[in-house]
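Residues per chain, in single letters:
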Amino acid sequence: MERTQCATVTFVGHSGFMIEICRKLLVFDYFIDESNVAKSIDISRYDGVYVFVSHSHHDHFNPEIFKLFPNATFVIANEVKRHCRRANFPESTIFMKSNSELSINDISINAFSSTDVGVSFCVTISGSKIFHAGDLNNWHWADESTPQEIRKAEGDYQAILRDIKAVTDTFQIAMFPVDARIGSDYFRGAKQFTENFHIGHFFPMHFTGFTEEAFRFEKYANKQEGKYHNLSTPGQSVSINI
């Protein structure tokens, strides 16, 4: 019988999530926290706190994380260091390049490329793999891009999916953009992602202002294996077995 473990996933806002698992706290792309859930959390009850930043865009990186999560281990895309030189990075900061891997204590981290800037992350903890896409997506803007631009976007995206699949084809938790601003074909990147990987629990993100449109993806996702979770309100949480 496979051993399951409980994880609590909290939507912080935009592409920001907190995941409590194995007495550890994982924080991804903290940007805005309208519910103050991050500010009110007691970090002393965790054996370790790991804060991830996928890239330097203001809606994914807020230097406030260094005050909010003192003594945390910060895992940050190398691109952030280049573009945010005024940020006061703590000594505990680890910078990762695309297609790199590292181990910290009892977790391992893979940083993959993105179709935008920075990286996407896969965090493995106690055998469970957690994926945060950052700004990885099939950003092809079908209604306004040229056929050549669409082909390039498609090729770039598929190449990264192949790189990820060479490492793993399974994620117990995946957080991925479903952004209706792309236009009529905005499901495409998420659809391709769910078709390429076995996903236990899928969480849409980066749906700024288009929550209803993003959640329409559930009708498709429910046809796939795994479960789809609509967390739309900052501070909203769900406990899952993985």
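Rules of the game
- Within any chain, residue numbers begin from 1 and follow the written order of that chain's sequence.
- Note on the predicted model: pLDDT of at least 70 is required for a residue's local features to be given, and 80 or more for side-chain atom pairs to be given and counted; whole-chain, interface and lining totals, by contrast, use all residues.
- Each side-chain value is worked out from all heavy atoms of the structure, with water and hydrogens disregarded.
- Under the pairing criterion, centres of Phe, Tyr and Trp rings, with the six-membered ring standing for Trp, must be within 6.5 Å; the plane angle then separates stacked pairs below 30 degrees from edge-to-face pairs above 60, leaving the rest tilted.
- Only protein chains enter the accessibility calculation, which uses a 1.4 Å probe. A residue is then buried if its area is under 20% of the maximum for its type, exposed if over 50%, and partly exposed in between.
- For a Lys NZ or an Arg CZ to count as sitting over a ring, it must be within 6 Å of the ring centre and within 35 degrees of the ring normal.
- Whether two strands pair depends on DSSP finding at least two bridges between them.
- A run of H or I in DSSP counts as a helix once it spans at least four residues, and a run of E counts as a strand once it spans at least two, with each numbered from the N terminus.
- Just to be clear on terms, a salt bridge is a Lys or Arg side-chain nitrogen sitting within 4 Å of an Asp or Glu carboxyl oxygen.
- Throughout, the protein atoms alone are placed on a 1 Å grid, and a set of points is a cavity if a 1.4 Å probe fits but cannot get out or a pocket if it is open with protein on both sides within 12 Å along at least five of seven lines; lining residues have an atom within 4 Å of a point.
- Grid points are joined across faces, edges and corners, and a volume is the space filled by probe spheres set on the points.
- Charged means Asp, Glu, Lys or Arg here, nonpolar means Ala, Val, Leu, Ile, Met, Phe, Trp, Tyr, Cys or Pro, and polar covers whatever is left, Gly included.
- Only the contacting stretch of a helix is used when fitting its axis, a line to C-alpha atoms as for every element, and angles between N-to-C directions run 0 to 180 degrees.
- N or O atoms within 3.5 Å of each other form a polar contact, as long as, within protein, one can give a hydrogen and the other can take it, and as long as residues adjacent in sequence are counted only when both atoms are side-chain atoms.
- Here, two residues are considered to be in contact whenever any of their heavy atoms come within 4.5 Å of each other.
- Each angle receives one of four descriptions, namely roughly parallel if under 35 degrees, roughly antiparallel if over 145, roughly perpendicular if within 65 to 115, and oblique otherwise.
- Should the near helix be turned anticlockwise from the far one by less than a right angle, the crossing is left-handed, and should it be turned clockwise, the crossing is right-handed.

J.: Honestly, the packing of aromatic side chains in this entry has me stumped. Any pointers?
T.: Describing an aromatic ring pair means giving the distance of the ring centres and the angle of the ring planes. Applying the stated criterion across every chain, the model contains 24 aromatic pairs. Taken together, a centroid distance of 4.9 Å and an interplanar angle of 40° make the contact between F193 and F197 tilted. Each of the two residues, F193 as well as F197, counts as buried. Over the ring of F95 we find K81, and its NZ or CZ is 4.7 Å from the ring centre.

J.: Please explain the pairing of strand β6 (residues 93-96) as it appears in this structure.
T.: Regular strands place their side chains on alternate faces of the sheet. Both strand β5 (residues 73-77) and β6 contribute to a ladder of four bridges, which runs parallel. Paired with F74 across the strands is T93, a residue of β6.

J.: Help me understand the pattern of salt bridges, please; the structure alone is not making it clear to me.
T.: If you walk through the whole model with that rule in mind, you get 10 salt bridges. The partner of K24 in a salt bridge is D106, with the nearest N and O atoms 3.3 Å apart. Of this pair, K24 sits in strand β3 (residues 24-28) while D106 is found in the loop between β7 (100-104) and β8 (107-112), placing the two residues 82 residues apart along the sequence. The exposure class assigned to D106 is partly exposed, which follows from its relative accessible area of 49%. Two residues, K152 and D156, come together in a salt bridge whose shortest N-O distance is 2.7 Å. Residue K152 and its partner D156 are both found in helix α4 (residues 147-165); the two are separated by four residues, about one turn of the helix. Among the residues examined, K152 registers a relative accessible area of 55% and is labelled exposed.

J.: Can you help me understand the layout of surface pockets in this one?
T.: In this approach the atoms are scanned with a rolling probe the size of a water molecule, which exposes any empty space left behind. Estimated volume of the largest pocket: approximately 180 Å³. Taken together, 13 residues make up the lining of the largest pocket; nearest its centre are F11, G13, H14, T208 and G209. The residue makeup of the lining of the largest pocket, split by class, is five nonpolar, seven polar and one charged.

J.: Is there a simple way to think about the sheet that holds β6 in this case?
T.: Strand pairing in a sheet takes place through backbone hydrogen bonds and is either antiparallel or parallel in direction. The mixed open sheet is built from seven strands, whose spatial order is β6-β5-β4-β3-β2-β1-β14. Only two strands of the sheet have a single partner each, and these edge strands are β6 and β14 (237-241). Going across the sheet, the axis of each strand differs from the next one's by a mean of 20°, ignoring polarity.

J.: For this particular structure, what's the right way to read the side chain of H206?
T.: Here H206 shows up in the loop between β12 (198-205) and α6 (211-215). Under the relative-accessibility criterion, H206 is labelled buried at 4%. Reaching out from H206, the side chain makes a polar contact with the side chain of D135 at a distance of 3.1 Å. Not counting residues within four places of it along the chain, the set of residues in contact with H206 comprises H14, S15, D59, H60, D135, W139, P177, V178, D179 and R181.

J.: Whenever I open this one, the sheet that holds strand β10 (residues 128-132) confuses me. Can you help?
T.: Strands sit in the order β7-β8-β9-β10-β11-β12-β13 across an open sheet of seven strands; the sheet is mixed. Looking at strand neighbours, the two that pair on one side only are β7 and β13 (227-228), the edges of this open sheet. Across five bridges, strand β9 (residues 120-125) lies against β10 in antiparallel orientation. Paired with C122 across the strands is F131, a residue of β10.

J.: Mind showing me how you'd approach the packing of α4 against helix α5 (residues 188-196) here?
T.: For any two helices packed against each other, one specifies the crossing angle of their axes together with the interaxial distance. Between α4 and α5, whose axes approach to 11 Å, the crossing angle comes to 30°. When the axes of α4 and α5 are compared, the pair comes out roughly parallel. Judged by the twist between their axes, the crossing of α4 over α5 is right-handed. Residues E154, Y157, Q158, L161 and K165 of α4 touch α5, and the partners they reach there are R188, G189, Q192, F193 and N196. Of the residues belonging to the contact of α4 with α5, the class tally is three nonpolar, four polar and three charged.

Interpretation note: all reported values are geometric properties and have no functional meaning in isolation.
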